[in-house]
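Analysis of the macromolecular model
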Amino acid sequence: MDSPLNQLLLYCRPGFEAEAGRELTDAAAALGAWGYFQPADGMGWLQFTLAGGMDAPALLSGLPLSTLVFVRDWMVVVAEVELPATDRVGAVLDAVRDAGVDAVPGCDRIEVRVPENNSDADLSRFARKWVAPLSRALRGAGLLGDGGGNGDRLELLLVDFSRVVIGISPVNNRARWPMGIPRLKLSEAAPSRSALKLEEAWKVLLPEGRALDYLGGGKTGVDLGAAPGGWTWQLVQQGMTVTAVDNGPMDDALMATGMVTHVQSDGYLWRPKRAVDWMVCDIVDKPRRTATMVSDWFADQLCRYSVFNLKLPMKRRYEEWLVCRDLIGERLAEAPFAVRLRARQLYHDREEITCFLERTD
Ligand code: SAM
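An account of the accompanying structure is given in this report.

**Digging into the site of the ligand**
Surrounding the ligand, one finds 17 residues, the nearest of these being Ser-192, Gly-230, Asp-246, Gly-267 and Asp-282. Residue Pro-228 places a main-chain N or O atom 3.4 Å away from an oxygen atom belonging to the ligand. Between the ligand and the protein, one listed contact pairs a nitrogen atom with a backbone N or O atom of Gly-267 at 2.7 Å. Grouping the amino acids of the shell around the ligand by side-chain chemistry returns 7 nonpolar, 7 polar and 3 charged.

Here is the structure:
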């Protein structure tokens, strides 16, 4: 590389920029890299500058995105461009050329994004229409590959009509969906929109290509805080028989499947008589309470897999996640089996994060 690539652009849920920045600061430091960030409050993205230790491509090659919670996607920044009112394509070409980055021709494709919270329909339309002429021009200038690339993607975040950030999204270490935003369709049969959250959790948090191993084969499940039944419905869709624990009413059509037993009880206290494969929990309560309860289920070997939400407090949200993570780790440290915890703030999450805990032996 001729030019120093010391900047990353991070995508996160709008409003969680500081959490994403702090998380990456800590993760980079653990690998021997120092950096700082400029939080752009409520934008859903932020820039992170590496000041020492390693450059951005090196950091990305040692830090899997899947280990981060608040950073939903990222790219290595190649250039930041002030766009003129005319010949915006020319301005991008100049900037990419001036950046002198060897890796860009490894990209075969470009994506033009707008910020997640963008409400300007004209900007979105412009971004869509810009892809074809921009690709042609970059290819013509030898700045974009033509089929023989390595799968990396040239990404442009069109902040507004006068500013674009250009970066490389690495094929082996990026979100499954650009910006971590999945396009999932809610089935009409689903009893609630929450169903999308569990679907996204499985897609993001289960090892890729292993969904059938984890979910199929007629497994058993418990859904704590189940009503009206979006998550239970997802479990049933996988062929599971489910105990749904909630004092609230469950969806009639879901109950008519005969796959669900509804128990009106306190989800934090209720325990199954026999171990099940899956326990999921979508109760809105103190995150430490949920983390403790889930740890107890695993310590008592009552389930093998769990997806659960941690509803974060208004303040000290990053710290609260760290406390819950450590609490689970400490409580299961002495267990005669190994566990793996992954967590992510999903696109369908709001003030919460979603965790996946599994017994791995
Ligand atoms: N996952 C559900 C779905 O997909 O339809 C939505 C769950 S909703 C966010 C939270 C549920 O937790 C509510 O139905 C509420 O009655 C239930 N809840 C709250 N505290 C509970 C507790 N201690 N035990 C069991 N359920 C509880």
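On we go from here.
**As for the nonpolar core**
Trp-130, Leu-158, Ile-166, Leu-224 and Trp-297 are the most contacted members of the largest nonpolar core, which totals 85 residues. Setting aside residues up to four positions removed in sequence, Leu-224 forms contacts with Val-245, Gly-267, Trp-270, Met-279, Val-280, Cys-281, Asp-282, Ile-283, Met-293 and Trp-297. Among the nonpolar cores identified, the runner-up in size contains 28 residues, and Ala-190, Leu-215, Val-280 and Leu-346 belong to it.

**Observations regarding the sheet that holds strand β6 (residues 153-160)**
Strand pairing in a sheet takes place through backbone hydrogen bonds and is either antiparallel or parallel in direction. Strand order in the open sheet formed by 7 strands is β2-β3-β1-β4-β7-β6-β5, and the pairing between neighbours is mixed. Pairing within the sheet leaves two strands with one partner each, and these edge strands are β2 (34-38) and β5 (109-113). Recorded for the sheet is a direction-independent mean angle of 35° between the axes of neighbouring strands. Examined bridge by bridge, strand β1 (residues 7-11) and strand β4 (residues 73-82) share 4 bridges and lie antiparallel to one another. Residue pairing across strands places Leu-8 opposite Val-76, the latter belonging to β4. Taken strand by strand, helix α4 (residues 121-140) contacts β5, β6 and β7 (163-169), and its axis lies near 140° from that of β6.

**Some thoughts on the environment of Val-284**
Within the secondary structure layout, Val-284 lies in the loop between β11 (278-281) and α9 (287-299). Considering only alpha carbons, one finds Val-284 and Leu-158, 126 residues apart in sequence, at a separation of 36 Å.

**Quick look at unusual backbone geometry**
Between Ala-227 and the following residue, Pro-228, the backbone shows a cis peptide bond with an omega angle of 0°. Note that Pro-228 resides in the loop between β8 (220-224) and α7 (230-237). Residues other than glycine seldom take positive phi values, yet Asp-87 does so here, at roughly 50°. Along the chain, Asp-87 turns up in the loop between β4 and α3 (88-99). A relative accessible area of 54% places Asp-87 in the exposed class.

**Quick look at the packing of aromatic side chains**
Centre distance and the angle of the planes are the two values used to describe a pair of aromatic rings. Under the defined criterion, the tally for this structure stands at 10 aromatic pairs. Where Trp-202 meets Trp-278, the ring centres are 6.0 Å apart and the plane angle is 70°; that geometry is what we call edge-to-face. Of this pair, Trp-202 sits in helix α5 (residues 195-205) while Trp-278 sits in strand β11, and the two are 76 residues apart along the sequence. With relative accessibility at 0%, the residue Trp-278 sits in the buried group. Here the aromatic rings of Tyr-214 and Phe-356 are separated by 6.0 Å at their centres, their planes lie at 70°, and the arrangement is edge-to-face. Taken as a pair, Tyr-214 in helix α6 (residues 211-215) and Phe-356 in strand β14 (residues 352-359) lie far apart in primary sequence, 142 residues in all. Assigned by exposure class, Tyr-214 and Phe-356 land together as buried. Joined through ring pairs, the aromatic side chains of Trp-202, Tyr-214, Trp-278, Tyr-305 and Phe-356 make up one cluster. Directly above the aromatic system of Tyr-268 lies the positively charged group of Arg-289, at a separation of 4.0 Å from the ring centroid. The ring of Phe-337 carries Arg-359 above its face, with NZ or CZ at 5.5 Å from the centroid.

Cut-off values and rules
Residues take numbers from 1 onward in each chain, read along the sequence in its written order. Thresholds applied to this predicted model are a pLDDT of at least 70 for local features of residues and 80 or more for the giving and counting of side-chain atom pairs; totals over whole chains, interfaces and linings are not thresholded and use all residues. Excluded from the side-chain calculations are hydrogens and water; all other atoms, namely the structure's heavy atoms, are used. Definition of nearness: a residue and a molecule or strand are near each other if at least one heavy atom of the residue lies within 4 Å of the molecule or strand. We call two N or O atoms a polar contact when they sit within 3.5 Å, provided that within protein one can donate a hydrogen and the other can accept it, with sequence-adjacent residues counted only if both atoms are side-chain atoms. Throughout this entry, Asp, Glu, Lys and Arg are counted as charged residues, while Ala, Val, Leu, Ile, Met, Phe, Trp, Tyr, Cys and Pro are counted as nonpolar. The remaining residues, Gly among them, count as polar. Among the buried residues, those of types Ala, Val, Leu, Ile, Met, Phe, Trp, Tyr and Cys that are joined through side-chain atoms within 4.5 Å form a nonpolar core. The classification of residues rests on relative accessible area computed with a 1.4 Å probe and restricted to protein chains. Under 20% of the type maximum is buried, over 50% is exposed, and intermediate values are partly exposed. We call two residues in contact when some of their heavy atoms are within 4.5 Å. Only strands joined by at least two bridges in the DSSP assignment are considered to pair. Segments assigned H or I by DSSP are reported as helices when at least four residues long, segments assigned E as strands when at least two residues long, and all are numbered from the N terminus. As a rule, the C-alpha atoms of each element are fitted with a line to give its axis, helices using only the stretch in contact, and angles between N-to-C directions run from 0 to 180 degrees. Here the aromatic set is Phe, Tyr and Trp, taking the six-membered ring for Trp, and pairing holds for ring centres within 6.5 Å; pairs whose planes are under 30 degrees apart are stacked, those over 60 apart are edge-to-face, and all others are tilted. To sit over a ring, a charge needs its Lys NZ or Arg CZ within 6 Å of the ring centre and within 35 degrees of the ring normal.

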